[in-house]
Amino acid sequence: MSEREFTVIENEWIRLKDGTELAARIWMPAGTEADPVPAVLEYLPYRKQGGTSLRDESTYPVFAAAGIAGVRVDIRGSGESEGVIDGEYTPRELSDGCEIVEWIAAQPWSNGKVGMMGISWGGFSCLQVAALKPPALKAVISIASTVDRYNDDIHYKNGCHLSAQLSWAATMLGYQSRSPDPAIVGDRWKQMWMERLEKEPFFMEEWLEHQRRDEFWQHGSICEDFDRVEIPALVIAGWADGYRNTPLKAVEGLGDKAKALIGPWVHKYPHFAFPKPRADFHGEAIRWWNRWLRDEENGAENGPQVRAYILDGPRPSLRRDSDPGRWVAKDAWATPEMHLFGISHDGRLTPSAGGTGIGEVYLKSPLDTGTASGEYFTLKPDAEMAGDQRIDDAGSLTFETAPLLEAADYLGQPTLTVDVTCQEPTANLAVRLVDVHPDGTATRVAFGVLNLSHRDGNAQPRAMEPGRKTRITLTLDACGYRFRAGNRIRVSLSTSYWPLILPPPPTDPGLSIDTASLSLALPLLGAHREIAVPEPENPDPLPKYRELTRGTSSRTVERDMTHGMTHYRIYEDTGLSEHPDTGLATQDIRDETWSIAPDDPSSMIGTSTWTCVAKREGWSVRTVSTSTLHCTKSEWITEAEVVAYEGETRIFEKHFKKRIPRDFM
């Protein structure tokens, strides 16, 4: 198909039934009067103008040249869209999404068939909108998303409280405090901005009111009823990202309707993600859209159900630009055969359905164990990725194999079963699967965490019975990995994994581990084909903007030996950059610190400050938002403030504070 000319509509207003107007940017193929086209919707709150424009401009022109319209819409209360956001994946947000799909299908340039795609929030929403079955929605591509909002997002994980929950609440407080662009909305920009500032919620308060898997989290979790999604879904993720489980869960739940693609990537689109190799996302997507939005018989439905990159012994480093490995295909996904390991009498991890063990071992990790855990969802292949695990293994109980005589390949979710005894109502257990290289370097392959009061499920936590031996099974995140001959497989257990997860309230959260009961099950790769996944032709697909100030980032750990505190600090400055066409310059700065005393759970505190700047000639605005989480033995305490400036004049200030009882957490 020859490339079509196209135009870019910088802003189009989509009027909803309640009168609210949402802002859309549209890449429109030429000649739609005679040849209506399909359209792809991406719908999220991160600002099409000065927010996601870099990645939008790397993809939608390619779609438009292929005769597919791209429609990028800011959700209600974000970017230039009217109104105020009311939460995350709320019924109103999803209802608006269904209305947008029908609006697109009704346009004279549309052939009546719409696809949805997105990464992260946009990847979530396209699956959730699909479950609502708007008739014109025919297919989705979901990247770095989830089918389970409670267990596989930034909030909670098997009942453990993720620090990413505060980080993301702080991010959204900063993002949602940003002003609309006067160049698009005109003189009403300040009125719209003030309405947002006055009415925007602090998401953390609502999330903390739901510490167990209740109806709040069931809403929008398509795993509650996979059958509600009746259209084809291409589900993509990267092993270096926190959303690595979703592609396999999607094919398990959606069956033949889903295809999975899993690469080595961080939380980015595959055509510009690291670590390499990348994937030709544009080619993949256009083939998918042509099959389901144009009825082109191109065989997209006949490909393998799962394509995955099997990592081949990568090593932690300051920056992982490329990871060794190979692509494999599983034509039909099935529950993997498990390779079982136990603990021998000499404390070695050995292939066995059961082991003699070394008796019971008491484990109580320092509360700052986990500083090599990396970010929950990674945006860069640097210190955001998990580091050398020897740092965390020092506070852990570890068992490892002898050097492997031959390579071992795995694909799927490992599990660990063990009997534990606890003297408190709850405790956390973290388990890491580690690849130990001949020189001792330790690469994290997979991890899992469990709040023991959630051992029988997340809906109805149940206290541990003090002193009673209890069997628990912990499922680790999915992995695709080759342990090379000569390397060793290690399993590491700890009662802390900070700052990734936050500590429970007891002052003595140690566990007695029955090593004879410990069983590690690793999912064998099994029957497969080795394949090639095409890489993008353009090695640098993102457009270039004018750099006014250079960005910078750092991630540091400070152990204050005098005061007995550990501080984990994150600093990210995007730099100030100006769009060459619109003249809009933006900058976002994240300054976040987590602190804890290694022996005092109540000392934990996290503070995240976001500074968001937007300016053009004659106009400048800035917001500074600070969010804090700390705790007592019985409560979580959240505090936040937003301060807004027009030029250098402070024009608005708002404060939040709430105390929320801990609920088995």
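Use the structure listed above.
As the structure is a prediction and not an experimental result, all values here were calculated from the model.

(A) A look at the overall build of the chain. Helix and strand counts for the chain come out as 11 helices and 34 strands. Each principal axis of the C-alpha distribution contributes one length, and for the chain these read about 75 × 60 × 45 Å. Among the 665 residues that make up the chain, the fraction classed as buried is 64%. Considering only intrachain contacts with a sequence separation of at least 6, the fraction spanning at least 24 residues in the chain is 73%. For the chain, the accessible surface area stands at approximately 24000 Å², while carbon and sulfur atoms represent 49% of it.

(B) Focus on the side chain of Lys-654. Summarising the element assignment, Lys-654 is placed in strand β34 (residues 649–661). One buried charged residue, Lys-654, forms no salt bridge at all, with the nearest opposite charge on Glu-200 at 6.4 Å. Within the structure, Lys-654 has its side chain in polar contact with the backbone oxygen of Glu-198 (distance 2.7 Å). Within the structure, Lys-654 has its side chain in polar contact with the backbone oxygen of Glu-200 (distance 3.2 Å).

(C) Seen up close, the state of the cysteines. Taken as a whole and assessed by the stated rule, the structure comprises zero disulfides. As a non-bridged cysteine, Cys-98 has Cys-126 as the owner of its nearest cysteine sulfur, 12 Å distant. Between Cys-160, a cysteine without a disulfide, and Cys-422, which holds the nearest cysteine sulfur, the sulfur-to-sulfur distance is 13 Å.

(D) Examining the environment of Ala-169 more closely. As for its placement among the helices and strands, Ala-169 is situated in helix α4 (residues 164–176). On the basis of relative accessibility, which here comes to 1%, the residue Ala-169 falls in the buried class. Taking the C-alpha atoms as reference points, Ala-169 and Met-204, separated by 35 residues in sequence, lie 5.4 Å from one another.

(E) Molecular detail of the packing of aromatic side chains. Under the counting rule described, the total for this entry stands at 29 aromatic pairs. Measuring from ring centre to ring centre gives 4.8 Å for Phe-216 and Trp-217, while their planes differ by 85°; the resulting arrangement is edge-to-face. Accessibility classification places Phe-216 together with Trp-217 in one group, the buried group. Members of the aromatic cluster, joined through ring pairs, are Tyr-46, Tyr-89, Trp-121, Phe-124, Trp-168, Tyr-175, Tyr-243, Tyr-376, Phe-377 and Trp-610. Just above the ring of Phe-274 sits the side chain of Arg-278; from NZ or CZ to the centre is 4.6 Å.

(F) Summary view of the side chain of Ser-167. Within the secondary structure, Ser-167 is located in helix α4. When near neighbours in sequence (up to four residues on either side) are disregarded, Ser-167 contacts Arg-590, Glu-592, Trp-594 and Trp-610.

(G) Region of interest: the environment of Glu-578. Within the secondary structure, Glu-578 is located in strand β29 (residues 577–578). Each C-alpha atom of the pair Glu-578 and Gly-50 lies 8.5 Å from the other, and the pair is 528 residues apart in sequence. Those residues in contact with Glu-578 that lie beyond four places of it in its chain are Tyr-545, Arg-546, Leu-548, Gly-583, Leu-584 and Ala-585.

(H) Quick look at the pairing of strand β21 (residues 470–475). Burial along β21 is one-sided: the face carrying Thr-470, Ile-472 and Leu-474 is buried and the face carrying Arg-471, Thr-473 and Thr-475 is not. As defined by bridge partners, strand β18 (residues 415–422) adjoins β21 across six bridges and the pair is classed as antiparallel. When the sheet's bridge partners are listed, Val-418 is paired in β21 with Ile-472.

(I) Just the sheet that holds strand β23 (residues 488–494), in detail. The four strands are arranged β16-β23-β19-β20 in an open sheet whose pairing can be described as antiparallel. The open sheet is flanked by β16 (397–400) and β20 (442–451), the only strands paired with a single partner. For this sheet the average axis-to-axis angle between neighbouring strands, irrespective of direction, equals 15°. In this structure, strand β19 (residues 428–436) lies alongside β20, joined through nine bridges in antiparallel fashion. Within β20, the position partnered with Val-431 by the bridge is Gly-448.

(J) Seen up close, helix α1 (residues 53–65). Between the first and last C-alpha of α1 there are 18 Å, a value that for 13 residues agrees with the 18 Å anticipated at 1.5 Å per step. By the criterion of burial, α1 is predominantly enclosed, with 10 of the 13 residues buried. Among all positions in α1, only Ser-53, Arg-55, Asp-56, Glu-57, Ser-58, Thr-59, Tyr-60, Phe-63, Ala-64 and Ala-65 are buried. The inward-facing, buried residues of α1 contact β1 (6–15), β2 (21–29), β3 (37–44), β4 (69–74), β5 (110–119) and α10 (281–293). At the C-terminal side of α1, Gly-67 shows a positive phi close to 85°.

(K) Layout of the pattern of salt bridges. For the structure shown, the criterion picks out 60 salt bridges. The partner of Arg-76 in a salt bridge is Asp-96, with the nearest N and O atoms 3.0 Å apart. Residue Arg-76 is found in the loop between β4 and α2 (91–106), and its partner Asp-96 is found in helix α2; the two are separated by 20 residues along the sequence. Looking at Asp-96, the relative accessible area reads 3%, which means it is buried. Note that Glu-224 is salt-bridged to Arg-213, the shortest N-O span being 2.6 Å. Of this pair, Glu-224 sits in the loop between α8 (215–218) and β9 (233–238) while Arg-213 sits in the loop between α7 (203–208) and α8; the two residues are 11 residues apart in sequence, bridging distant segments of the chain.

(L) The pairing of β2, seen in detail. Within β2, nine of the nine residues are buried, which leaves it mostly tucked inside the rest of the structure. Of the strand pairs in this sheet, β1 and β2 are connected by eight bridges, and their pairing is antiparallel. Paired with Arg-15 across the two strands is Glu-21, which belongs to β2. With antiparallel pairing between neighbouring strands as the criterion, β1 and β2 make up a hairpin whose turn holds five residues, including Gly-19 at a positive phi of roughly 95°. Across four bridges, β2 lies against β4 in antiparallel orientation. By the bridge assignment, Trp-27 is partnered in β4 with Gly-70.

(M) View of the environment of Ser-496. Secondary-structure assignment places Ser-496 in the loop between β23 and β24 (511–523). In this structure, the C-alpha to C-alpha distance between Ser-496 and Gly-51, residues 445 residues apart in sequence, is 36 Å. Setting aside residues no more than four positions away along its own chain, Ser-496 makes contact with Ser-365, Pro-366, Leu-367, Thr-369 and Ala-430.

Reading the values: rules and limits
Residues numbered from 1 in each chain as written. Predicted model: local features only at pLDDT ≥ 70, side-chain atom pairs only at ≥ 80, totals over all residues. Heavy atoms only, no water. Helix = DSSP H or I, 4+ residues; strand = E, 2+ residues; numbered from the N terminus. Buried < 20%, exposed > 50% of the residue type's maximum accessible area, 1.4 Å probe, protein only. Contact = heavy atoms within 4.5 Å. Areas by Shrake-Rupley, 256 points an atom, 1.4 Å probe, with all protein chains shown as cover. Lys, Arg positive; Asp, Glu negative; His and termini not counted. Salt bridge = Lys/Arg side-chain N within 4 Å of Asp/Glu carboxyl O. Polar contact = N/O pair within 3.5 Å; in protein donor to acceptor, adjacent residues only side chain to side chain. Disulfide = S-S within 2.5 Å. Phe/Tyr/Trp six-rings, centres within 6.5 Å; stacked < 30°, edge-to-face > 60°. Lys NZ or Arg CZ within 6 Å of the ring centre and 35° of its normal. Pairing = 2+ DSSP bridges. Axes fitted to C-alpha atoms, helices over the stretch in contact; angles between N-to-C directions. Expected span 1.5 Å × (residues − 1).

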